[in-house]
Amino acid sequence: MCSTKTTNLEINITADLQKWRVFLAIAELGSLTRAAQFLDSNQSLLSRQLNALERECKNRLFTRTGRGVEMSEMGQRIFPQVKALLEDAERLENDIRSEIHEPAGRVTVGLLPSIGSTIVGRLFVALRERYPGIALKVLEGSSGQVDEWLANARVDIAILYRYGVVTIPQDHSLATVESYLIGPKGDRLTAGPEVAFRELQGLPFILPSAPNGLRTALDAMARQEHIALNPVIEADSLPLQKALVANERLYTVLPLHAVWSEISAGTVQASRIVSPTLQRSVSMVLTKTKGPTKAVSAVAQQIEQIVDEMARNGMWRLGPMV
């Protein structure tokens, strides 16, 4: 019977990761000269290493051009896997070191633009002060993209909205946010602290296009309340939504923290939607396949502290949705 012990794994071409670091540098920089400078080596040595690697692979990895080198079809095919291999090796090395020293290594956070604009700056400052060995990588995208990054383990931590009562076991609810009708400066409808949902009937909206968590929830509530929401323009860009509300006197629906700066500057107004309210939960999820290392755990802890501080400032409230 064949043993499944890892000691029986046979590796040859991938045994030496340094040669693949050379491959990656040449591929990304498109030049042996620039790669040699980046790796603090010399061009002739890199050329010999590349030739040896191509002999091992029994295939050309690059084609020489007048401007430098370009990846061959084989090189393009293996490039993503080589990059992932080196990133995993770097992560393993950082994890091993972090067991002895302070948390260190790269932590990738995926989140929505409306959350990122509020959290990322504060998170960067906190990590620089407390954990200088942690390098932060941020990916912004739609809720569908963040969920996909989470499923594919492209991110270590995901922060996103959940609508309705959260029942996903790995989700950690950080806070509850209310939805606000956002209008231009001087607008009568958003001048008060609250506005009934039925008042949204017939307003000139700029809203994200479906599929989108907020749009789905809004459309469902509109059907329930027997009104129609007909956006005059659909746009997934948060800056564009805020700009058109301020400059073209449109309306949109956002959480308060997404327009905190604009409200302070007096360019837009916000009125909480009631009867019924539209709540969402800010949830944090750690990638299951990577497991929380010291660095990931440290970043997650800092995010929780930032959310608590923001709740004290009135951006949202702690606790589950009601």
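Refer to the preceding data block for the structure.
Residues numbered from 1 in each chain as written. Predicted model: local features only at pLDDT ≥ 70, side-chain atom pairs only at ≥ 80, totals over all residues. Heavy atoms only, no water.

Participant: For unusual backbone geometry, give the residues involved together with the corresponding values.
Facilitator: Of note, the bond from Ser275 into Pro276 is cis; its omega dihedral lies within 30 degrees of zero at 0°. Relative to the elements of secondary structure, Pro276 occurs in the loop between strand E11 (268–274) and strand E12 (279–286). Even without being a glycine, Asp40 presents a positive backbone phi close to 55°. By the element assignment, Asp40 lies in the loop between helix H2 (32–38) and helix H3 (43–57). At Arg249, a residue that is not glycine, the phi angle is positive and equals roughly 55°. As for its placement among the helices and strands, Arg249 is situated in the loop between helix H8 (238–248) and strand E10 (252–255). (Helix = DSSP H or I, 4+ residues; strand = E, 2+ residues; numbered from the N terminus.)

Participant: Go over the nonpolar core, please, and point to the residues and values.
Facilitator: If you look at soluble globular proteins, the nonpolar side chains tend to sit buried side by side. Counting residues in each nonpolar core, the largest one holds 38 residues, and the members touching the most others are Ile157, Ile159, Val299, Ile303 and Trp316. With 10 residues, helix H10 (residues 294–312) is the single largest residue contributor to this core. Look past the residues within four positions of Ile157 in its chain and what remains in contact with it is Val107, Thr108, Val109, Gly110, Met284, Val285, Leu286, Thr287, Val296, Val299, Ala300 and Ile303. Counting residues in each nonpolar core, the second largest holds 23 residues, with Ile26, Leu39, Leu50 and Val69 among its members. (Core = buried A, V, L, I, M, F, W, Y, C linked by side-chain atoms within 4.5 Å. Buried < 20%, exposed > 50% of the residue type's maximum accessible area, 1.4 Å probe, protein only. Contact = heavy atoms within 4.5 Å.)

Participant: So what's going on with the packing of aromatic side chains? Which residues, and what values?
Facilitator: Across all of its chains, the model carries 3 aromatic pairs by this definition. Plain terms: the ring middles of Trp20 and Phe23 are 5.6 Å apart, the flat faces sit at 80° to each other, and that makes the pair edge-to-face. Within this pair, Trp20 and its partner Phe23 are both found in helix H1 (residues 17–29), separated by 3 residues, close to a single helical turn. Residue classification places Trp20 among the buried positions, given a relative accessible area of 5%. When the ring of Phe205 is compared with that of Tyr251, the centres are 6.5 Å apart and the planes differ by 65°; the resulting orientation is edge-to-face. Of the two residues, Phe205 sits in the loop between strand E7 (194–196) and strand E8 (206–207) while Tyr251 sits in the loop between H8 and E10, which places them 46 residues apart along the sequence. (Phe/Tyr/Trp six-rings, centres within 6.5 Å; stacked < 30°, edge-to-face > 60°.)

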